[in-house]
Amino acid sequence: APTCSRVGLTSPLLGIPNLSSLYLEHFRLNEPPFGLTPNGKFFFEGCTRGAVLDALQHAVLDDDGIIVVVGEVGSGKTMLCRMLAERLPRDRVELVYLANPSFGPGEILHSLLADWGLPAPTDRPALLAIQDALMERHAQGRRVAVLIDEAQAMSPESLEEIKLLSNLETEQSKLLQIVLFGQPELDELLALPKLRQVRDRVVHRFDLTPLDGDDACAYVYHRLRLAGWLGGNLFESSALRLLVGASHGRARAIHLLADKALLAAFADGARQVSKPHVQRAIADFKVGVQINRQGWDVHKALLTLSMLGGVLVVGISLGYYLSQRNAAPAVVAAAAPVVAPVASTVPAPPPASVPSPAQIQPPPVVEQPSVPTPLPAASPTMP
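The structure displayed is predicted, hence computed values, not measured ones.

## Regarding the pairing of strand β3 (residues 143-148)
Most of β3 sits out of view: six of its six residues are buried. Direction of pairing for strand β2 (residues 93-98) relative to β3: parallel, over a ladder of six bridges. By the bridge assignment for β3, L95 is matched with A145. Judged from the five bridges that link them, β3 and strand β4 (residues 176-182) form a sheet pairing that is parallel. Within β4, the position partnered with V144 by the bridge is L176. This β-α-β element, β3 to helix α6 (residues 156-166) to β4, shows right-handed connectivity.

## Here's the deal with the confidence of the model for the protein chain
On average, residues of the protein chain score 78 in pLDDT, and 70% of them reach the 70 mark or higher. Scored below 50 in pLDDT, residues 1-17 makes 25 contacts in the model with residues more than four places away or belonging to other chains. Low confidence marks residues 328-363, where pLDDT is under 50. Its contacts with residues over four positions away, or in another chain, come to ten contacts.

## Thoughts on the environment of H26
Within the element layout of this structure, H26 appears in the loop between α1 (21-24) and α2 (49-62). Among the residues examined, H26 registers a relative accessible area of 10% and is labelled buried. A sequence separation of 245 residues divides H26 from R271, and the C-alpha atoms of the two residues are 7.9 Å apart. Each residue touching H26, except ones within four places of it in the same chain, is listed here: F266, G269, A270 and R271. In this structure the side chain of H26 is engaged in a polar contact, spanning 2.8 Å, whose partner is the backbone oxygen of A270.

## Section: the packing of aromatic side chains
One pass over the full model with this rule turns up two aromatic pairs. A centroid spacing of 5.4 Å and a plane angle of 75° characterise the contact between F44 and Y219, whose relative ring orientation is edge-to-face. Note that F44 is positioned in the loop between α1 and α2 and Y219 in helix α9 (residues 213-226), a separation of 175 residues in sequence. Like F44, the residue Y219 is buried in the burial classification. Here R137 stacks its cationic end above the ring of W116, 4.8 Å away from the centre of that ring.

## Some remarks on helix α11 (residues 251-267)
For α11, built from 17 residues, the straight-helix expectation of 24 Å at 1.5 Å per residue is met to within 8% by its first-to-last C-alpha distance of 24 Å. Counting buried residues in α11 gives 15 out of 17 residues, a clear majority hidden from the surface. At the C-terminal side of α11, G269 shows a positive phi close to 75°.

## Some words on the sheet that holds β3
Pairing is parallel across the open sheet formed by five strands, whose spatial order is β2-β3-β4-β1-β5. A single partner strand is all that each edge strand has here, and the edge strands are β2 and β5 (202-208). On average, each strand axis in the sheet is inclined to that of its neighbour by 15°, with strand direction left out of account. By the bridge criterion, five bridges tie strand β1 (residues 66-71) to β4 in an arrangement that is parallel.

## Here we look at the pairing of β1
Taken residue by residue, a regular strand's side chains alternate between the two faces of the sheet. Counting buried positions along β1 gives six out of six residues, so the element sits mostly inside the fold. Of the two faces of β1, the one holding I66, V68 and V70 and the one holding I67, V69 and G71 are both buried throughout. In this structure, β1 lies alongside β5, joined through six bridges in parallel fashion. Considered in β5, the bridge of G71 is made with L208.

## Points about the nonpolar core
Core analysis: the biggest nonpolar cluster contains 39 residues, and Y23, F27, L224, L234, F235 and L262 have the highest contact counts within it. No other element matches α11, which puts ten residues into this core. Setting aside chain neighbours within four positions, we find L224 in contact with L29, P33, F34, W229, L234 and F235. In terms of nonpolar packing, the next biggest core, distinct from the first, is built from 34 residues, I66, L112, A151 and I178 among them.

Cut-off values and rules
Within each chain, residue numbers correspond to sequence positions counted from 1 in written order. Note on the predicted model: pLDDT of at least 70 is required for a residue's local features to be given, and 80 or more for side-chain atom pairs to be given and counted; whole-chain, interface and lining totals, by contrast, use all residues. The side-chain quantities take in all heavy atoms of the structure and omit both hydrogens and water. The classification of residues rests on relative accessible area computed with a 1.4 Å probe and restricted to protein chains. Under 20% of the type maximum is buried, over 50% is exposed, and intermediate values are partly exposed. Helix numbering and strand numbering both begin at the N terminus, where a helix is a DSSP run of H or I of at least 4 residues and a strand a DSSP run of E of at least 2. Should DSSP find at least two bridges between two strands, the strands are taken to pair. Place the viewer so that the strands point away; then a crossover is right-handed whenever the path from the first strand over the helix to the second strand goes clockwise. The predictor attaches a confidence to each residue, called pLDDT, with possible values from 0 through 100. Two residues qualify as a contact provided that any one of their heavy atoms is within 4.5 Å of a heavy atom in the partner residue. A 3.5 Å cut-off defines polar contacts: any pair of N or O atoms within that distance qualifies, except that in protein one atom must be a possible hydrogen donor and the other a possible acceptor, and neighbouring residues in sequence count only when both atoms are side-chain atoms. Centres within 6.5 Å make a pair out of two Phe, Tyr or Trp rings, where for Trp the six-membered ring is used; the pair is then stacked when the planes are under 30 degrees apart, edge-to-face when over 60, and tilted otherwise. Note on geometry: a ring has a charge over it if NZ (lysine) or CZ (arginine) is within 6 Å of the ring centre and within 35 degrees of the ring normal. The span one expects for a helix is its residue count, reduced by one, times 1.5 Å. The axes are straight lines fitted to the C-alpha atoms, using for helices just the contacting stretch, and the angles between their N-to-C directions are given from 0 to 180°. For our purposes a nonpolar core is just a set of buried Ala, Val, Leu, Ile, Met, Phe, Trp, Tyr and Cys residues, chained together by side-chain atoms within 4.5 Å.

Here you go:
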């Protein structure tokens, strides 16, 4: 039986990619059953997946307007998108697939032209060139379908361009069909007031719900059989229930957990996946999620520190400017002498008789200089 030391591992669950090949011969499989790259061979039609695919195919061929498909992360949207591309008849439909929709203004239009091998026009708007290309295909009895994956990443400006494309039509039908695949954030994006006209052009919306318990179990064995498994229950019942519950019905999580559980069973030399193997897979899966979250937390912390640093620099600069501004009047004021009373050091005269008012002469008037100089206090003038 293979052990960790024999396969050169300190742990069977290190999260190293492409370890699936280690257990293929052990379980007599022809190919990895739980790869993360969408493969149409493994498409699962249960839990309404097949019904949604049929409805999408019908809508692209017969309906006019924008189609929206919404599902959580790892629910199988990309697989569904690729299956739709495979099933559409290429003699009637010309496909444009956009997998990275983080476009700036005008980039979607230029991407369509590039996909058709047309140069971007310099003497007229790109939309007119696209309309001419679509009219040419319409005359040939062909229509164009634009499939956009991860549409929740699109900017409102890019969705405005989608609206412009959906306006291209003849008297009988639209010149192209647009299908948006995205996470639930796509609904929030389309709900923006500025995108009301885009939202009004949506004729169909489909939800990809998580796989429930029975469908998830059927999904696991569906992929195992297509990968070459010919035996009975490769997973113990309790192990499979634990795996399905931990995945919350998301296909991608099922793939990760099932692959790690098979690797753990292989490292133990077991011919069947037991509950402890799934528990180790779940623990390793949580560690990976925690590392990703910590990485994101570090990113957020660095971003916060950067923002605080910027605020601090602005505050120091503003404080320095205000201190310099307030210091200028102080310097001017210091240039002029300040007259302050000086305490007398002359001893007071002995007491004398108080003179009459007639005997008191007013002191002579002395003109003060423009800049007075402090003088010692003098004793009163006596008669």
